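Spelled out from the first residue to the last, the chains are:
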Amino acid sequence: MSRFLVALVAAAVLALGVIYFYDPGGAGSETLDLARSKPSVNGLYIVAIAPEAEPVETGVLHGWVLTLTVPDGAPVEDAQIEVGGGMPDHGHGLPTSPEMTTYLGEGRYRIEGVRFNMGGWWVLDFTVRAGPGEDTVRFNIRL
Ligand SMILES: [Cu+2]
């Protein structure tokens, strides 16, 4: 009986270890910054993104709404926004070419045509050009 208990405890410890170290997003994903709102690289803008439907699923086209403000909180209008991204661990880009399609008002822009064709660590990169200048921002997404 005690041998059985030892085996049971050993199995439980092993299972917990596997769960603890399981890393579906690839190398380093435990420390990924998954924030959906952050300053752009040079601090010109605060950029926030939100998917139009949660949870984000693989394999389907979907849209995001990007909200653009300057650091004091004022919305940024008339921005040009380019979208890029991919999977750094896999060395490939996005399977589609998402575009900013619509200005929704109050600094909000619709991004359409995003599709993640596998699970793992993705990045979405945005290049923003507006009155304050050009800046970029990268978001990590783990599926
Ligand atoms: Cu991939």
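Structure: above.
All of these numbers come straight from a predicted model, not from anything done at the bench.

Draft legend 1. Summary view of the pairing of strand 6 (residues 99-105). Inspection of the sheet shows strand 6 paired to strand 7 (residues 108-114) by 5 bridges, in the antiparallel sense. Bridge pairing in strand 7 links Thr102 to Arg110. In textbook terms, the turn of a hairpin is the stretch between consecutive antiparallel strands, and for strand 6 and strand 7 this stretch comprises 2 residues, one of which, Glu106, has a positive phi near 55°.

Draft legend 2. The coordination of the copper ion, seen in detail. Summarising the metal site, the copper ion is bound by the protein donors Met87 (SD), His90 (ND1), His92 (NE2) and Met118 (SD), whose distances to it range over 1.9 to 2.3 Å. In this structure, the copper ion is coordinated by 4 donor atoms arranged in tetrahedral fashion, with angles at the metal of 98 to 126°.

Draft legend 3. Representation of the pattern of salt bridges in the model. Per the stated rule, a full pass over the model turns up 6 salt bridges. The salt bridge involving Arg110 is made with Glu52; its shortest N-O contact spans 2.8 Å. Residue Arg110 is found in strand 7, and its partner Glu52 is found in the loop between strand 2 (46-51) and strand 3 (62-69); the two are separated by 58 residues along the sequence. Accessibility expressed as a relative area gives 26% for Arg110, which makes it partly exposed. Between Glu82 and Arg129 there is a salt bridge whose closest N-O contact spans 3.1 Å.

Draft legend 4. Geometry of the nonpolar core. If you look at the biggest cluster of nonpolar residues, it comprises 26 residues, and the most contacted ones within it are Trp64, Leu66, Leu68, Phe116 and Phe126. When contributions to this core are tallied by element, the ones reaching two or more residues are strand 2, strand 3, strand 4 (80-87), strand 7, strand 8 (121-130) and strand 9 (133-142). Once residues within four sequence positions are removed from consideration, Leu66 is found in contact with Val47, Ala48, Ile49, Ile81, Gly107, Arg108, Tyr109, Ile111 and Phe126.

Draft legend 5. Layout of the sheet that holds strand 2. With antiparallel pairing, 5 strands are arranged side by side in an open sheet as 1-2-3-7-6. On the outer flanks of this sheet lie strand 1 (37-39) and strand 6, each paired with one strand and no other. Strand-to-strand twist across the sheet, computed as the mean angle between neighbouring axes with direction ignored, equals 25°. Bridging between strand 2 and strand 3 involves 6 bridges; their strand directions are antiparallel. Paired with Ile46 across the strands is Thr69, a residue of strand 3.

Draft legend 6. Fine view of the sheet that holds strand 4. With antiparallel pairing, the 4 strands of this open sheet are ordered in space as 5-4-8-9. Two strands in the sheet have a free side with no partner beyond their single neighbour: strand 5 (92-93) and strand 9. Examined bridge by bridge, strand 4 and strand 5 share 2 bridges and lie antiparallel to one another. Across the sheet, Met87 pairs through a bridge with His92, a residue of strand 5.

Draft legend 7. Representation of the packing of aromatic side chains in the model. Per the stated rule, a full pass over the model turns up 3 aromatic pairs. Each ring, one from Phe116 and one from Trp122, has its centre 4.9 Å from the other, and the planes form 50°; the classification is tilted.

Draft legend 8. Layout of the pairing of strand 8. For strand 8, the tally of buried residues reaches 8 of 10 residues, placing the bulk of the element in the interior. Pairing analysis gives 7 bridges linking strand 4 to strand 8, with the strands arranged antiparallel. Bridge pairing in strand 8 places Gly84 opposite Asp125. Sheet analysis places strand 8 next to strand 9, joined by 10 bridges and oriented antiparallel. What sits directly across from Ala130, in strand 9, is Gly133. Hairpin remark: strand 8 followed by strand 9, antiparallel, with 2 residues in the connecting loop.

Rules of the game
Residues numbered from 1 in each chain as written. Predicted model: local features only at pLDDT ≥ 70, side-chain atom pairs only at ≥ 80, totals over all residues. Heavy atoms only, no water. Pairing = 2+ DSSP bridges. Helix = DSSP H or I, 4+ residues; strand = E, 2+ residues; numbered from the N terminus. Donors = N, O, S within 2.8 Å, 3.2 Å for Na, K, Ca; no water. Tetrahedral: all angles 85-135°; square planar, octahedral: opposite > 155°, others 65-115°. Salt bridge = Lys/Arg side-chain N within 4 Å of Asp/Glu carboxyl O. Buried < 20%, exposed > 50% of the residue type's maximum accessible area, 1.4 Å probe, protein only. Core = buried A, V, L, I, M, F, W, Y, C linked by side-chain atoms within 4.5 Å. Contact = heavy atoms within 4.5 Å. Axes fitted to C-alpha atoms, helices over the stretch in contact; angles between N-to-C directions. Phe/Tyr/Trp six-rings, centres within 6.5 Å; stacked < 30°, edge-to-face > 60°.

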